[in-house]
Amino acid sequence: MLVEGTIRWQVTEDCPWDLLLALALRDLAGLADECSPEIPLGVPGIGRIDTAGIDRAQLAAQWRGWWAGIVPLETRPFITEVSPPHFATFDRALDLQEAMYRGYDRAIEWARQRRFEYLSAVEKREHPLADVYGLVQRRQFELRRQSTSFRLDLAILPVAEKGAWVEAPDTIVVSESLRDDADQFREWLLPLVIALV
């Protein structure tokens, strides 16, 4: 996780492991229309699993509950709790547990590759969050004062459309394609910085 800021403000950026797994499982189970439909499909496409015998309504509700718990940074597990052999974190979400059994190998491989791509992109930046820091510093200079207190968590995900989506009060999902486009990222971030600082 990348962190930039001071005592008064903080911006974090990450490509969270559990969010990658959740996105992969959502797409594998064909739940994109029911579960966080504002978030586009992951790229590259991961295909589908057989969901015969799984209650689709229950699966969607359980996925949404999982997503709601892992999107905010303060409730997201530091180390993933989604682990074989029996995915104990889903012991009370049996349809989600069954879908994970069926799609785990594909989901975990997809997530590993996407996480590696994200980390490689971060390594290519001169300073990983220099653009964020620069915008906040410039805004403070314009206002001739320190920033107000704020926190902003950016979750970078590999999705099919360029954009950003507010998923929790302090958490915004940002497409990898937007984050990798330095000029467009700064253009998107500037109004947020103006509002927050």
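Residues numbered from 1 in each chain as written. Predicted model: local features only at pLDDT ≥ 70, side-chain atom pairs only at ≥ 80, totals over all residues. Heavy atoms only, no water.

Undergrad: Give a detailed account of the sheet that holds strand E4 (residues 164–168), specifying residues and quantitative values.
TA: With mixed pairing, the five strands of this open sheet are ordered in space as E1-E2-E3-E5-E4. Two strands in the sheet have a free side with no partner beyond their single neighbour: strand E1 (2–5) and E4. Strand after strand, the sheet turns through a mean of 25 degrees between neighbouring axes, direction not considered. Relative to strand E3 (residues 150–157), strand E2 (residues 9–14) is paired through six bridges, and the arrangement is parallel. Residue Glu13 lies in a different strand from E3, and its bridge partner there is Leu154. In the packing of helix H4 (residues 130–143) onto the sheet, contacts are made with E1, E2 and E3, and the angle to E2 comes to roughly 160 degrees. Sheet contacts for helix H6 (residues 182–196): E3, E4 and strand E5 (171–175); angle to E3, the most-contacted strand, approximately 160 degrees. (Pairing = 2+ DSSP bridges. Helix = DSSP H or I, 4+ residues; strand = E, 2+ residues; numbered from the N terminus. Axes fitted to C-alpha atoms, helices over the stretch in contact; angles between N-to-C directions. Contact = heavy atoms within 4.5 Å.)

Undergrad: Which residues make up the confidence of the model for the protein chain, and what are the values?
TA: For the protein chain, per-residue confidence averages 95 on the pLDDT scale, and residues scoring 70 or more make up 100% of the total. Ranking the elements of the protein chain by mean pLDDT puts E1 last, at 89, and helix H1 (residues 17–28) first, at 98. (pLDDT = per-residue confidence, 0-100.)

Undergrad: Hey, could you go over the layout of surface pockets for me, with residue numbers and the actual values?
TA: Counted as a void, the largest pocket has a volume near 250 Å³. Lining the largest pocket, in full, are Met1, Asp14, Pro16, Trp17, Asp18, Leu73, Arg76, Pro77, Phe78, Ile79, Thr80 and Arg115. The class makeup of the residues in the lining of the largest pocket is seven nonpolar, one polar and four charged. Taken as a whole, the second largest pocket encloses approximately 170 Å³ of empty space. Lining of the second largest pocket is provided by Ala121, Arg125, Glu126, His127, Pro128, Ala130, Asp131, Arg179, Asp180, Ala182 and Arg186. Where the lining of the second largest pocket is concerned, the elements lending two or more residues are H4, helix H5 (176–180) and H6. Residue classes in the lining of the second largest pocket are distributed as four nonpolar, one polar and six charged. (1 Å grid on protein atoms, 1.4 Å probe; cavity = no way out; pocket = protein on both sides within 12 Å on 5 of 7 lines; lining within 4 Å. Points joined across faces, edges and corners; volume = space filled by probe spheres on them. Nonpolar A, V, L, I, M, F, W, Y, C, P; charged D, E, K, R; others polar.)

Undergrad: Help me get a handle on the side chain of Glu176, residues and values and all.
TA: For Glu176, the position within the fold is in helix H5. Buried charged residue Glu176 carries no salt bridge. Nearest counter-charge: Arg114, at 6.2 Å. Filtering out sequence-adjacent residues up to four positions away, Glu176 remains in contact with Arg114, Tyr118, Ile156, Leu157 and Pro158. (Buried < 20%, exposed > 50% of the residue type's maximum accessible area, 1.4 Å probe, protein only. Lys, Arg positive; Asp, Glu negative; His and termini not counted. Salt bridge = Lys/Arg side-chain N within 4 Å of Asp/Glu carboxyl O.)

Undergrad: Any chance you could break down unusual backbone geometry for me, citing the residues and the numbers?
TA: Between Val43 and the following residue, Pro44, the backbone shows a cis peptide bond with an omega angle of -10 degrees. Tracing the backbone shows Pro44 in the loop between H1 and helix H2 (56–70). The step from Pro84 to Pro85 runs through a cis peptide bond, and the omega angle for that step is 10 degrees. Although it is not a glycine, Arg144 sits at a positive phi angle of roughly 60 degrees.

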